[in-house]
Amino acid sequence: MPPSPKWVELADHIRKQIASGDLSPGDKLPSTSQLCQLHGVSAIVVRNAMLTLKAEGLVVGVPGVGVFVAER
């Protein structure tokens, strides 16, 4: 089985942090540049992961402020 794309792995990692309670509703996620450094990925990988999580309703973006864990 081929490895998952990096954006899928990053989205899964954040999804698990939300499910486990490590990230709670209202918590701000690290910035794109911080996520790039933490996970050794490019900005496009972070962007794709965030788009996926937003589409699932797990996070919400506030322009100019950041990305936050959505309220349930």
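Residues numbered from 1 in each chain as written. Predicted model: local features only at pLDDT ≥ 70, side-chain atom pairs only at ≥ 80, totals over all residues. Heavy atoms only, no water.

(A) A look at the nonpolar core. Counting 18 residues, the largest nonpolar core has Ile14, Ile18, Leu29, Val46, Met50 and Leu53 as the members making the most contacts within it. Looking at this core, the elements with two or more residues in it are α1 (6-20), α2 (32-39), α3 (43-55) and β2 (66-69). In terms of residue count, the dominant contributor to this core is α3 (five residues). Excluding residues within four positions of it along the chain, Leu53 makes contact with Ala11, Ile14, Arg15, Leu58 and Val59. (Core = buried A, V, L, I, M, F, W, Y, C linked by side-chain atoms within 4.5 Å. Buried < 20%, exposed > 50% of the residue type's maximum accessible area, 1.4 Å probe, protein only. Helix = DSSP H or I, 4+ residues; strand = E, 2+ residues; numbered from the N terminus. Contact = heavy atoms within 4.5 Å.)

(B) Spatial organisation of the layout of surface pockets. What the largest pocket holds in volume is close to 190 Å³. The wall of the largest pocket is formed by 17 residues, among which Pro30, Ser31, Thr32, Gly66 and Val67 lie closest to the centre. Residue assignment for the lining of the largest pocket shows that the elements contributing at least two residues are α2, α3, β1 (59-62) and β2. In terms of residue count, α3 provides more of the lining of the largest pocket than any other element does, five residues in total. Classifying every residue of the lining of the largest pocket gives ten nonpolar, four polar and three charged. (1 Å grid on protein atoms, 1.4 Å probe; cavity = no way out; pocket = protein on both sides within 12 Å on 5 of 7 lines; lining within 4 Å. Points joined across faces, edges and corners; volume = space filled by probe spheres on them. Nonpolar A, V, L, I, M, F, W, Y, C, P; charged D, E, K, R; others polar.)

(C) Focus on α1. The end-to-end C-alpha separation of α1 is 21 Å, in line with the 21 Å expected for 15 residues at 1.5 Å each. Listed in full, the buried residues belonging to α1 are Leu10, Ala11, Ile14 and Ile18. Angular distribution of buried residues about the axis of α1 spans 100 degrees; they occupy a single face of the element. Set apart from the buried face of α1 by more than 90 degrees, the exposed residues are Lys6, Lys16 and Ala19. Where α1 is buried, its residues contact α2, α3, β1 and β2. Taken from the residues just after α1, Gly21 is the one with a positive phi, measuring 90 degrees. (Expected span 1.5 Å × (residues − 1). Arc of directions from axis to C-beta.)

(D) Local environment of the pattern of salt bridges. All chains considered together, the criterion is met by two salt bridges. Ionic pairing is found between Asp12 and Arg15, a salt bridge with its closest N-O pair at 2.3 Å. Taken as a pair, Asp12 and Arg15 lie in helix α1 at a separation of three residues, close to a single helical turn. We classify Asp12 as partly exposed; its relative accessible area is 30%. (Salt bridge = Lys/Arg side-chain N within 4 Å of Asp/Glu carboxyl O.)

None of the figures reported here should be taken as evidence of function without further support.
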